[in-house]
Structure formats: structure tokens, C-alpha cells
Amino acid sequence: GGDIDFALLVDGLSAEREQGITIDVAYRSFSTDRRKFIVADTPGHEQYTRNMVTGASTADVAVILVDARKGILTQTRRHSYLVSLIGIRKVVLAINKMDLVDFSESVFRTIDDEYRAFAAQIGLSDITSIPLSGLKGDNMTSPSERTPWYHGPTLMGFLETTDIEDNRLQTAPFRLPVQWVNRPNLDFRGFCGLVASGTLRPGDRVRVQPSGRESRVARIVASHGDQPLAVAGQSITITLDDEVDISRGDVISAAAAPAEVADQFECTLVWMADEPMLPGRPYLLKIGTRT
């Protein structure tokens, strides 16, 4: 007879329901007339940060949920930093439970100002703040009469219309980590893989790394036959004009903007294991299709 507990839609573990927290990542799919969605519900608790990183690693947009009563917490800052680190640039600051603060504009503005000041320090600038009541449905799918002072998008309105990262990936330099060399007969030698970024057309000049050899694309073959264009996100096979020694793990890139080759690098590492990383111990590194 009470209100629906929407957390039960994504909190599937009995421990999650008992403790009222999210532990594991829950993936839920749904669609509207305009777009298909996959929601990765990730935990906010510090103990399960590794699960949050797992869920966020494939996301185009981050929805940072804030309790209007509590404001910006340590976990809000921690998750925002990880979102920035992973490379997500679009952030929705979902200020929820506005019904418990009488839909106060001043509460909303205070949280929004505090978050934007922090976000500027970690390189996040594309932020859309939305006052919500998930329980009552305010500003979820339609504008709420209880927030007449808010004139921005609803949560679903924003998610349905925002530009996602596909455009950015397609305008980046071409990169194809070679997954498999396809040689069904003496007359065909193709290089298969998922286009990580950029676009490619027959006739384009490419460079193979790490060897540095250059050639020109002869054909682009997909499941339905030859095609005139390949874009980021497509799985393709390409053939080259020259006999170039290429194997799994090599990267085919645009000759005009080739991938860099190095024997050392600097990074920020998200360590997922309970035991610490030890200097001097051998570890396997996987990059693209090479281990």
C-alpha cells in the first residue's frame, strides 16, 4: 500500500536489499521512441569503488546522484574524479529527493554552485544540474509544477537528446588494433578488428605500428560485403595494396596521424585487487589486442 521501492529494480543481491546499499554493478536496458539505453547502476560506497569503475568504463554519460538533504559528499567527489579520469565528459548532476526539502530553489542552487566549483578543479565542465524527485516523478519525464523556478531539461529529455561520444570518436585519427589475420586462400589476406576511432576509406594511406611500414587500403570488407567507408565502432576486415607483415596486436593507424610507439609510459592506475601492487613483481599488460 506504500510507495514503490524503485531500488528493487536494480538492487538484485539480498545483501543489497538488507543493507539498503548498492554493492555490485547492475545493468538494465530500456528504450524510448528516440534512443536505446543501458543503465549501469554502480555503488557509491567507498568499499565498492572498483565496481563503480567497472560500470563507468563503458559509459557515455555519468548521472551523479546527490541527496538534496545531504548535499555534496566525499563519495560524490570521489566518483566525479573517477568519471573525469575514465574520460566521461558529460555529467548530469541529479539532485534527488527535492520533495524532502520542499523543492527549495536555494538548496538546489547551493548544491549546484558547490559542485561546479569542485568540478572545475578536475576538468569537468559539461554539467547539467536537474532537481528531481525520483519517487514522485518530478522532472523525470516531464517538467514539474513544483519547480516553477527551474527551466532546464527533464532527466529523460536530456538523455534522449544529448550528443554522445560516437561523434568524437569518428573525428579522431583512425586506429584499428588487429584482432585476427584472415587468410582463407592464396588470393586473400585481410586484417580484422574493431575500429577504435576515426574513419577509413579505400585508397587511404595507413601506417602499421610498431613496424612503421606504410601502405594503402585496397578494400574494406564487412559481413555484407565490400563497403566504401568504415567508422568507429564497426568490426571490419581490410586488405592492403602491399604485402606487409602484420599480426595480432599490431595497430593500423592513419599515416598522417600515426599512433605513437614507446617503451615506457606514465599513467594513473585504478588497482582493483585487495592485495597491493608490489614493485619488482611481473604483471601482464593488455593494450588493445596485445598482451
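Residues numbered from 1 in each chain as written. Predicted model: local features only at pLDDT ≥ 70, side-chain atom pairs only at ≥ 80, totals over all residues. Heavy atoms only, no water.

**Regarding the overall build of the chain**
Then, in step 1: Within the chain, the regular secondary structure consists of 6 helices and 15 strands.
Then, in step 2: Once the C-alpha set of the chain is aligned to its principal axes, its extents read approximately 70 × 50 × 40 Å.
Then, in step 3: Of all 291 residues assigned to the chain, the portion counted as buried reaches 39%.
Then, in step 4: In the chain, of all internal contacts separated by at least 6 residues, the share reaching a separation of at least 24 is 62%. (Helix = DSSP H or I, 4+ residues; strand = E, 2+ residues; numbered from the N terminus. Buried < 20%, exposed > 50% of the residue type's maximum accessible area, 1.4 Å probe, protein only. Contact = heavy atoms within 4.5 Å.)

**As for the layout of surface pockets**
Then, in step 1: When its volume is computed, the second largest pocket comes out at roughly 690 Å³.
Then, in step 2: Taken together, 21 residues line the second largest pocket, and the ones lying closest to its centre are Glu-260, Ala-262, Leu-285, Ile-287 and Arg-290.
Then, in step 3: Classifying every residue of the lining of the second largest pocket by side-chain character gives 11 nonpolar, 5 polar and 5 charged. (1 Å grid on protein atoms, 1.4 Å probe; cavity = no way out; pocket = protein on both sides within 12 Å on 5 of 7 lines; lining within 4 Å. Points joined across faces, edges and corners; volume = space filled by probe spheres on them. Nonpolar A, V, L, I, M, F, W, Y, C, P; charged D, E, K, R; others polar.)

**A short note on the packing of aromatic side chains**
Then, in step 1: Taken as a whole and judged by the stated rule, the model has 5 aromatic pairs.
Then, in step 2: Seen in terms of ring centroids, Phe-108 and Trp-149 are 5.4 Å apart; in terms of plane orientation they differ by 45°. Their pairing is tilted. Taken together, the positions of Phe-108 in helix α4 (residues 105-121) and Trp-149 in the loop between β5 (126-131) and α5 (155-161) put the pair 41 residues apart, joining distant regions of the chain.
Then, in step 3: Owing to a relative accessible area of 2%, Phe-108 belongs among the buried residues under this scheme.
Then, in step 4: The buried category is assigned to Trp-149, whose relative accessible area is 15%.
Then, in step 5: Both rings, one in Phe-108 and one in Tyr-150, keep their centres 6.1 Å apart while their planes meet at 75°; by these two values the pair is edge-to-face. Of this pair, Phe-108 sits in helix α4 while Tyr-150 sits in the loop between β5 and α5; the two residues are 42 residues apart in sequence, bridging distant segments of the chain.
Then, in step 6: An aromatic cluster of three or more residues is present, and its members are Phe-108, Trp-149 and Tyr-150.
Then, in step 7: Taking NZ or CZ as reference, Arg-77 lies 5.1 Å from the ring centre of Phe-118, over its face. (Phe/Tyr/Trp six-rings, centres within 6.5 Å; stacked < 30°, edge-to-face > 60°. Lys NZ or Arg CZ within 6 Å of the ring centre and 35° of its normal.)

**Quick word on helix α3 (residues 74-86)**
Then, in step 1: With 13 residues, α3 should cover 18 Å at 1.5 Å per step; its first-to-last C-alpha distance of 18 Å lies within 8% of that length.
Then, in step 2: Among the residues making up α3, those that are buried are Thr-76, His-79, Ser-80, Leu-82, Val-83 and Ser-84.
Then, in step 3: In this structure, the buried residues of α3 make contact with α2 (49-56), β3 (61-67), β4 (90-96) and α4.
Then, in step 4: Once α3 finishes, Gly-87 follows within two positions and takes phi at roughly 110°, a positive value. (Expected span 1.5 Å × (residues − 1).)

**Some words on the packing of α3 against α4**
Then, in step 1: Put simply, α3 and α4 touch, their axes get as near as 11 Å, and they point 40° apart. What the angle tells us is that α3 and α4 run oblique. For the element pair α3 and α4, the recorded crossing hand is right-handed. Residue-level inspection shows Thr-76, Arg-77 and Ser-80 of α3 in contact with α4, the latter providing Glu-114, Tyr-115 and Phe-118.
Then, in step 2: Looking at the contact of α3 with α4 residue by residue, the classes come out as 2 nonpolar, 2 polar and 2 charged. (Axes fitted to C-alpha atoms, helices over the stretch in contact; angles between N-to-C directions. Parallel < 35°, antiparallel > 145°, perpendicular 65-115°, else oblique. Left-handed = near helix turned anticlockwise from the far one by under 90°.)

**Points about the environment of Gly-134**
Then, in step 1: You can see Gly-134 is positioned in the loop between β5 and α5.
Then, in step 2: A relative accessible area of 26% means that Gly-134 is categorised as partly exposed.
Then, in step 3: For the pair Gly-134 and Ala-94, spaced 40 residues apart in the sequence, the C-alpha separation amounts to 9.6 Å.
Then, in step 4: Look past the residues within four positions of Gly-134 in its chain and what remains in contact with it is Phe-6, Asn-96 and Met-140.

**Quick notes on the side chain of Ser-84**
Then, in step 1: The residue Ser-84 is located in helix α3 in this model.
Then, in step 2: Judged by its relative accessible area of 12%, Ser-84 falls in the buried class.

**A few points about the packing of α2 against α3**
Then, in step 1: Relative to each other, α2 and α3 sit at 40°, their axes nearing to 10 Å. Considering the angle they form, α2 stands oblique to α3. The crossing of α2 and α3 is right-handed. Two secondary-structure elements touch here, α2 through Thr-49, Met-52, Val-53 and Ala-56 and α3 through Arg-78, His-79, Leu-82, Val-83 and Ile-86.

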